[in-house]
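Examining the three-dimensional arrangement
Here's the letter readout for the chains.
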Amino acid sequence: MRKLIYTFGMIAAMAMTACSNPREAVIDGEMTVEGWNGKNIELINSVTNEVISQTRIEDNEFEFRLVPDTPFIATLRIQSEDMDIPYILPVAVEMGEITVKAGMETLTTGTPLNTRLQQFMVRKSDLTLPDTLSLEEYKKEFRAFIEQEIENNKDCPALAGFIKKAYLR
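Description of the structure in this document. (Residues numbered from 1 in each chain as written. Predicted model: local features only at pLDDT ≥ 70, side-chain atom pairs only at ≥ 80, totals over all residues. Heavy atoms only, no water.)

**With respect to the overall build of the chain**
Short version of the rule: Helix and strand definitions here come from DSSP, where helices need a minimum of 4 consecutive H or I residues and strands a minimum of 2 consecutive E residues; each element is numbered from the N-terminal end. The classification of residues rests on relative accessible area computed with a 1.4 Å probe and restricted to protein chains. Under 20% of the type maximum is buried, over 50% is exposed, and intermediate values are partly exposed. By definition in these notes, contact holds between two residues if any of their heavy atoms fall within 4.5 Å. Reported accessibility uses the Shrake-Rupley method at a 1.4 Å probe radius. Residues are deemed covered only where the shown protein chains occlude them.
A tally of regular secondary structure across the chain gives four helices and eight strands. Secondary structure elements of the chain occur, N-terminal to C-terminal, as α-β-β-β-β-β-β-β-β-α-α-α. Taking all 169 residues of the chain together, 34% fall into the buried category. Excluding contacts between residues fewer than 6 apart, the proportion of contacts in the chain whose partners are at least 24 apart in sequence is 51%. Surface exposure of the chain reaches about 11100 Å², of which carbon and sulfur atoms provide 55%.

Right under this line is the structure:
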């Protein structure tokens, strides 16, 4: 009997392993605000603006699974009739387990590219420019900051490309 249970356990373990893809990107998300259950959340390619996948938020959680050819930056977007503007959050899509907190508290972690993306987002959020600057001076200083971030991330084309597309207009 023990041999039968052991054999069944080994078969079940092998079946689960065979079904998982080591190249898979798994985005496990948690909403940090109430009221979004039942809403759709989309994963959008930040370069092409195409919807890659969508799912529904249930019990304040969502999940995406995909196999990316190369790492890239996407945007999570929640949009509905009862929202004036959509909620958006960038996330790096690459092999591995990616954890996302979305809402009032935002965080993307779990993979090297998400760590770098999060570090950039924090630096951008922490950027303080004097309130005595004119609008043109402010734009010039912000552009210099963004250009420096692109240069600092040139070894990471997905992130550098995202920063350029999102912030240099």
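**Thoughts on helix α2 (residues 112-126)**
Put simply, the rule is: An expected span of 1.5 Å times one less than the residue number is assigned to each helix. The directions considered for the arc are those from the helix axis to the C-beta atoms.
A rise of 1.5 Å per residue sets the reference length of α2, with its 15 residues, at 21 Å; its end C-alpha atoms lie 21 Å apart and thus fit the reference within 8%. Buried within α2 are the following residues: Leu113, Asn114, Leu117, Gln118 and Phe120. Looking down the long axis of α2, one finds its buried residues gathered within 160° of arc, a one-sided arrangement. Exposed positions of α2 whose direction lies more than 90 degrees from the buried face are Pro112 and Asp126. Its buried side turned inward, α2 meets β5 (72-78), β6 (87-93), β7 (96-102), β8 (107-109), α3 (135-152) and α4 (157-167).

**Details of the sheet that holds strand β1 (residues 25-31)**
In plain terms, the rule: Should DSSP find at least two bridges between two strands, the strands are regarded as paired. Only the stretch in contact is used when a helix axis is fitted, and all axes are lines through C-alpha atoms; the angle between N-to-C directions ranges over 0 to 180 degrees.
Spatially, β4-β1-β7-β8 is the arrangement adopted by the four strands of the open sheet, whose pairing is mixed. For this open sheet the edge positions go to β4 (61-66) and β8, each flanked by a neighbour on one side alone. For this sheet the average axis-to-axis angle between neighbouring strands, irrespective of direction, equals 15°. Taken strand by strand, α2 contacts β7 and β8, and its axis lies near 150° from that of β8.

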